[in-house]
Amino acid sequence: MERILTFKIMRTLFSIPINQDKSIVYAPLRGVILKTGAYANELVQKIESGEKLSIQEKESAIFKTLQSHGVLQTEKSLKQIAIDESADFEPTKLTIIPTEGCNLGCTYCYASAVPRKDKISWELVKKGADQVIANTVKKNEGNIKITFYGGGEPTIHFDLLQQTVEYAEAKAQNLKVYTTIVTNGTLLDETRVKWLRLHGVTLSLSFDVLPDVQHFQRPYANGKNSHKKVMKTIELLQKHGV
């Protein structure tokens, strides 16, 4: 009897068509990026849906490459990895992806391949903050680091950012909380910038600088130019010393 193995895509994998003949397969958390034939899109979709793969598909170069880099795992190996990785895992840094939704339509963004527009739950964020704070105290370290990243645009849920930072500051007591936000800069106003300054938050701004380039590569989702808004945000950041 044939032994059937079910393969699962580990964590995040994107298949992005370039044209009718070529596509890019990108697994950012594994550091893998491949330029392949268009057939890769269909293969990725089949793996995601749990369909049985043919012998030819399992022997394909793209399948073997993904498997060798740990992007594809059997259910058994995934369980083993979960056990191994959790043994002495006591992080003092917390990275949060609040959402995969975004108000921009950047032409080169791999995240646009993900249709979900969900929001991380406060319960999960709180658990992560509690664990990181406990680990920091246990290791007798002086500070914790929180980073809000995408995914999508973190400041879409600015209320969650505020809740997280203020909770961590109150819970951490004598620990210093360092917070960084990676943002496109289009959703920040003066009130929000003042809050960032008050809590010592640092920003990493995604911006293509030149007006024509910004408009071409980083327009709003509706196609409108985002350059003027980002420039206004930069002025606010400079004004308040963020």
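Not measured: the values here are computed from a predicted model.

### Describing the overall build of the chain
Helix and strand counts for the chain stand at nine helices and nine strands. Put simply, the chain has 242 residues, and 37% of those count as buried. About 14,500 Å² of surface is accessible on the chain, with carbon and sulfur atoms providing 52% of the total.

### Some points on the side chain of Asn184
When you line up the elements, Asn184 lands in the loop between β8 (176-183) and α7 (190-198). Reaching out from Asn184, the side chain makes a polar contact with the side chain of Asn103 at a distance of 3.1 Å. Those residues in contact with Asn184, other than ones at most four positions away along the chain, are Cys102, Asn103, Leu104, Glu153, Leu205, Ser206, Arg218 and Val230.

### With respect to helix α5 (residues 122-138)
For α5, with 17 residues, the first-to-last C-alpha span of 24 Å sits near the 24 Å given by 1.5 Å per residue. Among all positions in α5, only Val125, Gly128, Ala129, Val132, Ile133, Asn135 and Thr136 are buried. Mapping the buried residues of α5 onto a view down its axis gives an arc of 160 degrees, with all of them on the same face. Along α5, the residues that are exposed and aim more than 90 degrees away from the buried face are Glu123, Lys127, Val137 and Lys138. Next to the buried residues of α5 lie β6 (93-96), β7 (143-148) and α6 (158-172). A positive backbone phi angle near 60 degrees is found at Asn140, which sits one or two residues after α5.

### Concerning the packing of α7 against helix α9 (residues 227-240)
Orientation of α7 relative to α9, taken along the N-to-C sense of each, is 40 degrees, at an axis distance of 10 Å. The angle between α7 and α9 places the two elements in the oblique class. Note that α7 runs across α9; the crossing there is right-handed. Residues Glu190, Val193, Lys194 and Arg197 of α7 form the contact with α9, whose participating residues are Leu236, Leu237, Lys239 and His240.

### Considerations on the packing of α6 against α7
Here α6 crosses α7 at 20 degrees, and the two axes come no closer than 12 Å. Put simply, α6 runs roughly parallel to α7. As α6 runs across α7, the sense of the crossing is left-handed. On α7, the residues touching Phe158, Leu161, Gln162, Val165 and Glu166 of α6 are Arg192, Trp195 and Leu196. For the contact of α6 with α7, the residue count by class is five nonpolar, one polar and two charged.

### Quick word on the packing of aromatic side chains
In total, this model carries two aromatic pairs according to the counting rule given. Ring plane angle 90 degrees and centroid distance 5.5 Å describe the contact between Trp122 and Tyr167, whose orientation is recorded as edge-to-face. You can see Trp122 sitting in helix α5 and its partner Tyr167 sitting in helix α6, a full 45 residues away along the chain. With centroids separated by 5.6 Å and ring planes inclined at 75 degrees, the aromatic side chains of Phe158 and Trp195 adopt a geometry described as edge-to-face. Residue Phe158 is found in helix α6, and its partner Trp195 is found in helix α7; the two are separated by 37 residues along the sequence.

What counts and what doesn't
- Residues numbered from 1 in each chain as written.
- Predicted model: local features only at pLDDT ≥ 70, side-chain atom pairs only at ≥ 80, totals over all residues.
- Heavy atoms only, no water.
- Helix = DSSP H or I, 4+ residues; strand = E, 2+ residues; numbered from the N terminus.
- Buried < 20%, exposed > 50% of the residue type's maximum accessible area, 1.4 Å probe, protein only.
- Areas by Shrake-Rupley, 256 points an atom, 1.4 Å probe, with all protein chains shown as cover.
- Polar contact = N/O pair within 3.5 Å; in protein donor to acceptor, adjacent residues only side chain to side chain.
- Contact = heavy atoms within 4.5 Å.
- Expected span 1.5 Å × (residues − 1).
- Arc of directions from axis to C-beta.
- Axes fitted to C-alpha atoms, helices over the stretch in contact; angles between N-to-C directions.
- Parallel < 35°, antiparallel > 145°, perpendicular 65-115°, else oblique.
- Left-handed = near helix turned anticlockwise from the far one by under 90°.
- Nonpolar A, V, L, I, M, F, W, Y, C, P; charged D, E, K, R; others polar.
- Phe/Tyr/Trp six-rings, centres within 6.5 Å; stacked < 30°, edge-to-face > 60°.

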